[in-house]
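Here is how the chains run, residue by residue.
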Amino acid sequence: MQQLTSSQRPPGGEPVGDTVELDAEVAPATRVRVLLTAAFGPLITEYAVVATLVALVALTAERTAFSAVGVLLSAGPGWLAGFQVQLGIGGHPLGVLPLLPTIGAVLLVARTASGAALRLGCTTLRQAVPLISVIGAAHALFGLLIGLLSLSAPVRVNPLLAFVVPGVFAVLAATGGAVRRCGLPAAVAERLDPSAVRGLRAGALGLAALLAVGAIVFTVATVASVSTVDDLFEPSFGNSFGLFLLSVAYLPNAVVAALSFVSGPGFTVGSLDVSLVSYRGGSVPAVPLLGGIPEHTAAWWPVLLVLPAAVGALVGWSVRHADDDPAGRIRIVAVAGAVVGFGCVVLGTLAGGRLADGPFDPVSVPVGVASIVAFCWIVIPGGFVAFFAGEHAPAAPPDTLEVEDAGEFVGEEDLADEDLAEASDESDESEEDTDEPGESEEDTDEPGEEDVDEVDPELDPEEALADVDTEEFDTDEFEAEFTEPEPEPGTAPRPRQPEPDYDEYDAEAEAELGLELPEDVALDQPEAGPDRASDGPGAVTESTDGSGEDEGRERDR
């Protein structure tokens, strides 16, 4: 029962502001020991590694006297160089510093902070603040000490920079390690938009892929220039070993420069300017690491632009199932592009710097242009792939509309039905009105009595047809107006005019009238009474006969 009602939460599931009681209280002596170990452990390890490398170079180099005190004193500026603190050698600045020692120091501090947070039982970032503060303060004070001691040495360091820069690097690295142990990423993910979190991961993937592309291009260029690289090594073992260590330490810098070259902006070393679209020659330091730099441009270099485009497509492919909405996937790709652009700014800034005051100064990467170009390489192809390769939400069927919309449609149908009903009533009234002349026709049997409107004898039948509305056309009304009344019983019928010869009409008159006479109807058939309902077409034919006659006469004239 106690196991079922346990309130313990797994690591990483607690909010940032929660205060969780530790399972076992850490003793004060143990806490102090853990904090001191976390503070001075990385310092001793880093300094020992730098001192060991300096000692190896001094022992293997020719015409160099080895001194233990000199090695220890020289390791101090080397330790600061590992944290990207600018040095001054003989009054000349050295700002382009190796990135490999920086990466190693940051990873060491982060791992130490993570282990110390575990031993102290820290479950929130607030509990890990003392640990982070101790590690950062130790690095800042140690850097200040080295800066003060180097004021009278050949290699000088600004004490303020020696205090601030190592402290900032140590705090950032320790925070990353402690946060990983305390579970802050999960807590932050709960408070962030899932699209933003997915975009951060895709951005990390894109930045790693671009670095991999830069490493591949650098490796291919170095292998292609292996003879030049071999010539740059010194014949003696000691000097060659020192050049080898120098090249390995600056290897990440070369990868960042190759990344900038592949993406388009390129890099500069003094007067040398190399990019995919331009080349300006110049001298370079005699370091094996730089042996792969080409001596002239090549027409096929723009083909390398396929590589960053492929990286952007990879980012888009990785988020194709992140959201059913294409616009959501585009937002994720945009976040990934921003992460890649910011990463290029940081890496480009750390990879370059001042290199004395000679012909090789400065060594730089255009971080502004490189960040914008990297952003575009991720967003444009990545957005295209994410949009078309992902799922598209189908359109909602009509029967799944909301009830309010359905009510609106029903109301519109009712209004339409009412309009149709009113229109039908009006048509019925119009029919009744048109039936009145037909009824009055019966009353006109006796001469002298006319209940219908008088017909103008001079009225042209064509004008009458033009005024008739075909939709409301009534055959009986038309017959009553334009046909002669039937004679009364006992009176002699009036002579009938001869029927016109329809063969004389041309096709143009038939097209204008739009009427065709049936072949099986006899034209000389006598007319029936006015009450027959089937003589509607015949009435129309008689009326049109007159109009056709008039048209024939007009043509004859």
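**Some points on the sheet that holds strand β6 (residues 279-280)**
(1) Moving on: A sheet is described by the order of its strands in space; here four strands give the open sequence β6-β5-β4-β7, paired in antiparallel fashion. Unpaired on one side and paired on the other, β6 and β7 (363-364) mark the two borders of the sheet.
(2) Moving on: Relative to β7, strand β4 (residues 267-269) is paired through two bridges, and the arrangement is antiparallel. Residue pairing for β7: Thr268 is matched across the bridge by Ser364.

**Remarks on the nonpolar core**
(1) Moving on: Leu80, Phe261, Phe267, Val274 and Val340 are the most contacted members of the largest nonpolar core, which has 57 residues in total.
(2) Moving on: The element best represented in this core is helix α7 (residues 194-224), accounting for seven residues.
(3) Moving on: Residue contacts for Phe261: discarding those within four places in its chain leaves Gly266, Phe267, Val274, Ser275, Leu276, Trp301 and Leu304.
(4) Moving on: In this structure, Leu35, Ala38, Val109 and Ala128 belong to the second largest nonpolar core, which totals 18 residues.

**Considering the environment of Val109**
(1) Moving on: Looking at the secondary structure, you find Val109 in helix α3 (residues 100-120).
(2) Moving on: The exposure class of Val109 is buried, given its relative accessible area of 1%.
(3) Moving on: As for Val109 and Phe169, which are separated by 60 residues in sequence, their C-alpha atoms are 9.1 Å apart.
(4) Moving on: What Val109 contacts, discounting residues up to four positions off in sequence, is Pro42, Glu46, Ile135, His139, Ala170, Ala173 and Ala174.

**Notes on the sheet that holds strand β1 (residues 87-89)**
(1) Moving on: Reading across the sheet, the three strands line up as β2-β1-β3 and stay open at both edges, with antiparallel pairing between neighbours. Each of the sheet's edge strands pairs with one partner strand only, and the pair in question is β2 (92-94) and β3 (155-157). The mean inter-strand angle of the sheet, taken between neighbouring strand axes irrespective of direction, is 35°.
(2) Moving on: Pairing geometry for β1 and β2, over three bridges, is antiparallel. Across the sheet, the residue bridging to Ile89 is His92, located in β2.

**Examining the environment of Trp300**
(1) Moving on: By the secondary structure assignment, Trp300 is in the loop between β6 and α11 (306-318).
(2) Moving on: Given a relative accessible area of 54%, Trp300 falls into the exposed group.
(3) Moving on: On a C-alpha basis, the gap between Trp300 and Leu276 in space is 9.0 Å, while along the polypeptide they are 24 residues apart.

**As for helix α2 (residues 68-82)**
(1) Moving on: Taking 1.5 Å per residue as the helical rise, α2 with its 15 residues ought to reach 21 Å, and the 21 Å between its terminal C-alpha atoms agrees with that figure.
(2) Moving on: Buried within α2 are the following residues: Val71, Ala75, Gly76, Pro77, Trp79, Leu80, Ala81 and Gly82.
(3) Moving on: Packing partners of the buried residues in α2 comprise α1 (28-60), β1, α3, α4 (125-149), β3 and α5 (159-182).
(4) Moving on: Just beyond α2, the residue with positive phi is Gln84, at close to 65°.

**Details of the pattern of salt bridges**
(1) Moving on: Tallied over the entire structure, the rule returns two salt bridges.
(2) Moving on: The partner of Arg354 in a salt bridge is Asp357, with the nearest N and O atoms 2.8 Å apart.
(3) Moving on: Arg354 sits in the partly exposed class, given a relative accessible area of 35%.
(4) Moving on: The closest approach of N and O atoms between Arg354 and Asp361, which form a salt bridge, is 2.9 Å.
(5) Moving on: One network of salt bridges, in which partners are shared, links Arg354, Asp357 and Asp361.

**A few points about the packing of aromatic side chains**
(1) Moving on: Applying the stated criterion across every chain, the model contains nine aromatic pairs.
(2) Moving on: Arranged with centres 6.0 Å apart and planes meeting at 20°, the rings of Phe237 and Phe241 form a pair that is stacked. Placement of both Phe237 and Phe241 in helix α9 (residues 237-249) is noted, with a separation of four residues, approximately one turn of the helix.
(3) Moving on: Since its relative accessible area comes to 60%, Phe237 is described here as exposed.
(4) Moving on: The exposure class assigned to Phe241 is partly exposed, which follows from its relative accessible area of 22%.

**So, the confidence of the model for the protein chain**
(1) Moving on: Across the protein chain, the average pLDDT comes to 77, with 65% of residues at 70 or higher.
(2) Moving on: Mean pLDDT across the secondary structure elements of the protein chain bottoms out at helix α18 (residues 536-556), with 49, and peaks at α11, with 95.
(3) Moving on: Residue range residues 1-23 is modelled with pLDDT below 50. Its contacts to residues more than four positions away, or to other chains, number 29 contacts.
(4) Moving on: Of the regions scoring below 50 in pLDDT, residues 515-547 engages in 35 contacts with residues more than four places distant in sequence or in other chains.

Procedures and definitions
- Residues numbered from 1 in each chain as written.
- Predicted model: local features only at pLDDT ≥ 70, side-chain atom pairs only at ≥ 80, totals over all residues.
- Heavy atoms only, no water.
- Pairing = 2+ DSSP bridges.
- Helix = DSSP H or I, 4+ residues; strand = E, 2+ residues; numbered from the N terminus.
- Core = buried A, V, L, I, M, F, W, Y, C linked by side-chain atoms within 4.5 Å.
- Buried < 20%, exposed > 50% of the residue type's maximum accessible area, 1.4 Å probe, protein only.
- Contact = heavy atoms within 4.5 Å.
- Axes fitted to C-alpha atoms, helices over the stretch in contact; angles between N-to-C directions.
- Expected span 1.5 Å × (residues − 1).
- Salt bridge = Lys/Arg side-chain N within 4 Å of Asp/Glu carboxyl O.
- Phe/Tyr/Trp six-rings, centres within 6.5 Å; stacked < 30°, edge-to-face > 60°.
- pLDDT = per-residue confidence, 0-100.

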